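# Coordinates in review
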Amino acid sequence: MAHYEAVIGLEVHVELKTNTKIFCHSSTEFGADPNHHVCPVCLGLPGVLPVVNKKVVEYAVKAGLALNCQIAAFSKFDRKNYYYPDLPKNYQISQYDLPIAEHGHLEINVNGANKYIGITRVHMEEDAGKLVHQGTISTTPYSLVDYNRTGVPLIEIVSEPDMSSADEAVAYLEKLKAIIQYTGVSDCKMQEGSLRCDANISVRPVGQAELGTKAEIKNMNSFKALHKAVSYEIERQIEVLEDGERVVQETRTWDEARGETFSMRSKEEAHDYRYFPDPDLAPLVIDREWVNEIKASLPELPDERRDRFVKVYGLPEYDAMVLTGTRELADYYEQCVELYNNPKLVSNWVMGDLARMMNVSGQEIQDLRISPHQLAKMLELLDKGTISGKIAKTVFEEMFKTGKDPGKVVEEKGLVQISDAGLIDKVVEEVIAANPKSVEDYRAGKEKAIGFLVGQVMKSTKGKANPGLVNELLKEKLGK
Amino acid sequence: MISLKDVEHVALLARLSLTEDEKQVYTRQLSDILEHVRKLQDLNTDGIQPTAHVLPLQNVFREDRVGEHLPVDQVLANAPERQDNFFKVPKII
Ligand SMILES: [Zn+2]
């Protein structure tokens, strides 16, 4: 069987976080009543004149700079023509041959290896409306249209076909999302549709220079869906070739429930958008000074921040990468370290217990009830020996659930560590008496047996005994 | 030259249904129009920048401030059919 390689490029749409739409003063606020955030311009009524929202251009330039792109000196808007009920004008205002930004790249890390993924272009365009169907799309005879989203500003970020696996595609999207979020131009919420991703995928025998026929995959609404859809599509195309057939150039949709992609047979003939410059919109001449101002306003981006975390906090590269994955998480971590100066210990708690609990509950760092101040306080209690490492986990869990101060949790639950030698001494005596076999093993030179005895003491003190003290007392009494 | 097939293709994209007679007429008329416009190609355009806009305008911006929305009854006044506050249209997949 021949070996195949996949060639993957992603097209990502990001909704910009402006107050108003791209060409009119209608609000972009999410979740309004249907057709309440519209005006004659975004409804495409005859005789209206679109005017560009300056903030949109600023944000697009900002995103372009963050993605290492060259910003165009001259840029314009074009009409992309197609008929669909979510598009009241029967064309979408987009950018065709003179996009706002081109020739960028970002860096991904998959299995410890770094790789650059090229970014072909970033262009501005307007979003379309939303179609609502009662029942399922196949059974309902009509569509209900809400034009609130029509005209919401988008940037489309097109990558080079530089990825060759589902892992790389996911790593690219994660990094892209992080970079855009850091710049603050978008929330990038996949669930709310402010970040949407399509994939162009083809396969070819290894060593073949010519690209295979590609399929475009749509409707992947999460990182997990992207990974599954890309893996599935690569396998599907390899099977088609292995069967001696040809891959058809087409658009396919990812069906999450069935776990497969299937062809969207479109009534439209081959894409024929008949782009032409929009005569309603004056071209953009981008002032270099403005670009420099925007560049100066860029925050520290994920890669820089990761490198600084390694350098300043002495963290392993992996920790630094995870902690800088979102701006909020990195901010949270730094606030903690500022209050409790042990970067690696803080990292362990944030990436360990905290990340695990957030994962289970589906919480984002913004929803977190443990403040950096509280996390630092808990680590101080641990330092002072007020609580043991084991108890700390219990305290932390309670803090996570209730948002209470660690001191209060310890007090309410009676979790203070027992460091009273007299009290522990009594328990140690009991444990020695009850476990003659282990005592004998230890005295015979089996060092490991002491672990069991320590465990027994901890058990009967419900984890509250100071483990260092328990160890010490046991060794003393066992005469070693 | 415009072929009958071109006319059918453009008509489909524009969602127009044409009779056979109309297709013939438009094939001829569109060809004439294109032939007329083609004369522009005889002009010498060496050293001339492509035109992006017919008026000497650039950077016409608005500030990012929310203005008034259209009342929903007016929004839906032209709807072919209405259901609650939605436009109701035939389903297209
Ligand atoms: Zn509007």
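If you're wondering where the values come from, they're calculated on a predicted model, not measured in any experiment. (Residues numbered from 1 in each chain as written. Chains lettered and ligands numbered in written order. Predicted model: local features only at pLDDT ≥ 70, side-chain atom pairs only at ≥ 80, totals over all residues.)

## Overview of the overall build of chain B
What counts is decided by this rule: Numbering of helices and strands runs from the N terminus; a helix is a DSSP stretch of H or I covering at least four residues, while a strand is a stretch of E covering at least two. The exposure scheme places C-beta atoms from the backbone and then counts, for each residue, the other C-beta atoms within 10 Å of its own, assigning buried at 20 or more, exposed at 12 or fewer, and partly exposed in between.
Along the backbone of chain B there are three helices and three strands. In sequence order, chain B lays out its α and β elements as α-α-β-α-β-β. Overall size of chain B, expressed as C-alpha extent along the three principal axes, is 55 × 45 × 20 Å. Burial analysis of chain B (93 residues in total) assigns 9% to the buried set.

## Quick look at the overall build of chain A
This is how it is decided: Both definitions apply: the radius of gyration is a C-alpha atom measure, and the globule rule equals 2.2 Å times residues to the power 0.38. Residue pairs are scored as contacts if the distance between their C-beta atoms, which are placed from the backbone, is within 7 Å.
Of regular secondary structure, chain A possesses 15 helices and 17 strands. Since a compact globule built from 480 residues should have a radius of gyration of about 23 Å, the 29 Å found for chain A marks it as more spread out than a globular shape. Across its three principal axes, chain A shows a C-alpha extent of roughly 95 × 55 × 50 Å. A buried classification covers 41% of the 480 residues belonging to chain A. A sequence separation of at least 24 residues applies to 70% of the contacts in chain A between residues at least 6 apart.

## Quick notes on the nonpolar core
Most often, soluble globular proteins keep nonpolar side chains buried together rather than apart. All names here are of chain A. Put simply, the rule reads: Working definition: the nonpolar core is a set of buried Ala, Val, Leu, Ile, Met, Phe, Trp, Tyr and Cys residues, joined through C-beta atoms within 7 Å.
In terms of nonpolar packing, the biggest core is built from 81 residues, with Ala 60 and Ala 169 touching the most fellow members. The biggest single contributor to this core is helix 2 (residues 166-183), with 10 residues. Excluding residues that lie within four positions of it along the chain, Ala 60 makes contacts with Ile 100, Ala 101, Val 122, Met 124 and Ile 155. In terms of nonpolar packing, the next biggest core, distinct from the first, is built from 33 residues, Val 322, Tyr 333, Trp 349 and Met 399 among them.

## Side note on the sheet that holds strand 16 (residues 276-277) of chain A
Residue and element names in this part refer to chain A. Basically, it comes down to this: Pairing between two strands requires that DSSP report at least two bridges joining them.
An order of 6-5-16 is seen for the three strands of this open sheet, with the pairing classed as antiparallel. Sheet topology places strand 6 (91-94) and strand 16 at the edges, where each strand pairs with a single neighbour. Bridging between strand 5 (residues 78-81) and strand 6 involves four bridges; their strand directions are antiparallel. Across the sheet, Arg 79 pairs through a bridge with Ile 93, a residue of strand 6.

## Here's the deal with unusual backbone geometry
With phi around 60°, His 103 of chain A is a residue other than glycine that occupies positive phi space. What makes His 103 of chain A partly exposed here is the crowd of 14 C-beta atoms within 10 Å. The phi angle at Arg 15 of chain B is positive, at roughly 55°, despite the residue not being glycine.

## Side note on the domain arrangement of chain A
As a reminder, the rule being used: An automatic or database domain assignment supplies the start and end points of every domain.
What the domain assignment reports for chain A is domain 1 (4-292) and domain 2 (421-477). Placing the centre of domain 1 of chain A and that of domain 2 of chain A at their C-alpha centroids yields a distance of 63 Å.

## Considerations on the pairing of strand 13 (residues 215-220) of chain A
Residues and elements named next belong to chain A. Direction of pairing for strand 12 (residues 195-205) relative to strand 13: antiparallel, over a ladder of four bridges. Each residue of the ladder has a partner; that of Asn 200, found in strand 13, is Glu 216. Where strand 13 and strand 14 (residues 250-255) come together, four bridges link them in parallel fashion. Across the sheet, residue Lys 218 finds its bridge partner in strand 14, namely Thr 253.

## A short note on the packing of helix 10 (residues 389-402) of chain A against helix 11 (residues 406-413) of chain A
Residues and elements named next belong to chain A. What counts here: The axes are straight lines fitted to the C-alpha atoms, using for helices just the contacting stretch, and the angles between their N-to-C directions are given from 0 to 180°. Working definition: roughly parallel below 35 degrees, roughly antiparallel above 145 degrees, roughly perpendicular at 65 to 115 degrees, and oblique for all remaining angles. Handedness of a crossing follows from how the near helix is turned relative to the far one, being left-handed for an anticlockwise turn of less than a right angle and right-handed for a clockwise one. Amino acids outside the nonpolar list (Ala, Val, Leu, Ile, Met, Phe, Trp, Tyr, Cys, Pro) and the charged list (Asp, Glu, Lys, Arg) are all regarded as polar, and Gly is one of them.
Axis separation between helix 10 and helix 11 bottoms out at 9 Å; the angle between their running directions is 110°. Considering the angle they form, helix 10 stands roughly perpendicular to helix 11. In this structure, the crossing between helix 10 and helix 11 has a hand that is right-handed. For the pair helix 10 and helix 11, the contacting residues are Val 395, Glu 398 and Met 399 in the first and Pro 406, Val 409, Val 410 and Lys 413 in the second. Considering only residue class, the contact of helix 10 with helix 11 consists of five nonpolar, no polar and two charged.

## As for the sheet that holds strand 3 (residues 70-71) of chain A
All names here are of chain A. Spatial ordering of the open sheet is given by 3-7-8-11-1-12-13-14-15, a layout of nine strands whose pairing is mixed. The open sheet is flanked by strand 3 and strand 15 (260-263), the only strands paired with a single partner. Bridge count for strand 7 (residues 101-110) against strand 8 (residues 113-126) is nine bridges, and the pairing is antiparallel. Paired with Val 110 across the two strands is Ala 113, which belongs to strand 8. Of the strands in this sheet, strand 3, strand 7, strand 8 and strand 11 (153-159) touch helix 1 (residues 54-66), which is tilted by about 165° from strand 8.

## Looking at the interface of chain A and chain B
With 41 residues of chain A in contact, the opposing surface of chain B contributes 33 residues. The leading source of residues in the side of chain A that touches chain B is strand 10 (residues 142-146) of chain A, at five residues. Residue composition of the side of chain A that touches chain B, grouped by class: 22 nonpolar, 12 polar and seven charged. Bridge analysis of strand 2 (residues 52-53) of chain A against strand 1 (residues 61-62) of chain B gives two bridges, and the strand direction is parallel. Residue pairing for strand 1 of chain B: Asn 53 of chain A is matched across the bridge by Arg 62 of chain B.

## Quick notes on the pairing of strand 14 of chain A
All names here are of chain A. Our working definition: When the strands point away from the viewer, a crossover counts as right-handed if the path from the first strand over the helix to the second runs clockwise.
The handedness of the strand 13 to strand 14 crossover, carried by helix 3 (residues 223-242), is left-handed. Two elements, strand 14 and strand 15, share four bridges in a ladder whose sense is antiparallel. Bridge assignment links Thr 253 to a residue of strand 15, and that residue is Phe 262. If you look at the hairpin formed by strand 14 and strand 15, you'll find four residues sitting between the two strands, and Gly 259 has a positive phi there, around 70°.

## Some thoughts on the packing of helix 1 of chain A against helix 2 of chain A
Residue and element names in this part refer to chain A. Two elements in contact, helix 1 and helix 2, have axes whose closest approach is 10 Å; the angle formed by their N-to-C orientations is 130°. Considered as vectors, helix 1 and helix 2 are oriented oblique to each other. Crossing hand, helix 1 versus helix 2: right-handed. Here helix 1 contributes Lys 62, Ala 63 and Ala 66 to the contact with helix 2, which in turn contributes Ile 179, Ile 180 and Thr 183. For the contact of helix 1 with helix 2, a count of residues per class yields four nonpolar, one polar and one charged.

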